[in-house]
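Structural overview for review
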Amino acid sequence: MFKQIALLFLILLAGLLLLYVADIKLFRLAAMMLRIDLFAFGGGFASVPLMLHELLFYVTLKFALAVPWDIVRLLFGLGALIALAKRVDVLYVVLIGAAISIVVL
């Protein structure tokens, strides 16, 4: 039991170190969420979905700021968003989007 806990702790530390080196803002977010977990959830994993949601928002924002937007990319993104909102399977959206982007972009 002690070995498993120690291994999980080492993985946590390695992940935090990697975040610190790769992206300090993401490290700060992870450290803040760990503190919230410790005090609000008793150290449990109840906030993992919340952390994944925050991470997804962060990645989406970084991607949106990095893309050189024009009318074609805007329409392409809106089409994908509408398809996902209408519950089209993600696999179909990705495959059709990849095919269209090869031809158009």
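Structure's up top.
Being a predicted model, the structure only gives us computed values, none of them experimental.

Some details on unusual backbone geometry
- One non-glycine residue, Arg87, lies in positive phi territory at about 65°.
- Looking at the secondary structure, you find Arg87 in the loop between helix 4 (71-85) and helix 5 (90-104).
- Taking relative accessible area as the criterion, Arg87 reaches 76% and is therefore assigned exposed.

Overview of helix 1 (residues 2-22)
- Between the first and last C-alpha of helix 1 there are 30 Å, a value that for 21 residues agrees with the 30 Å anticipated at 1.5 Å per step.
- The element helix 1 is barely covered by neighbouring structure, given that only one of its 21 residues are classed as buried.

Regarding the packing of helix 4 against helix 5
- Relative orientation of the contacting elements helix 4 and helix 5 amounts to 165°, with a least axis distance of 10 Å. Classified by the interaxial angle, the pair formed by helix 4 and helix 5 is roughly antiparallel. Here helix 4 runs over helix 5; the crossing is right-handed. Between helix 4, through Val72, Phe76, Ala80, Ala83 and Leu84, and helix 5, the contact on the second element is made entirely by Val90, Val93, Gly97, Ile100, Ser101 and Val104.
- By residue class, the composition of the contact of helix 4 with helix 5 is nine nonpolar, two polar and no charged.

Digging into the environment of Leu26
- The topology assignment puts Leu26 in helix 2 (residues 24-40).
- You can call Leu26 buried: its relative accessible area is 17%.
- As for Leu26 and Val59, which are separated by 33 residues in sequence, their C-alpha atoms are 10.0 Å apart.
- Filtering out sequence-adjacent residues up to four positions away, Leu26 remains in contact with Leu19, Leu55 and Tyr58.

Here's the deal with helix 4
- The end-to-end C-alpha distance of helix 4, which contains 15 residues, comes to 21 Å, matching closely the 21 Å that a straight helix rising 1.5 Å per residue would cover.
- Note on helix 4: the residue one or two positions beyond its end, Arg87, has a positive phi of about 65°.

Conventions used here
Residues numbered from 1 in each chain as written. Predicted model: local features only at pLDDT ≥ 70, side-chain atom pairs only at ≥ 80, totals over all residues. Heavy atoms only, no water. Helix = DSSP H or I, 4+ residues; strand = E, 2+ residues; numbered from the N terminus. Buried < 20%, exposed > 50% of the residue type's maximum accessible area, 1.4 Å probe, protein only. Expected span 1.5 Å × (residues − 1). Axes fitted to C-alpha atoms, helices over the stretch in contact; angles between N-to-C directions. Parallel < 35°, antiparallel > 145°, perpendicular 65-115°, else oblique. Left-handed = near helix turned anticlockwise from the far one by under 90°. Contact = heavy atoms within 4.5 Å. Nonpolar A, V, L, I, M, F, W, Y, C, P; charged D, E, K, R; others polar.

What is shown is where atoms sit, not what they do.
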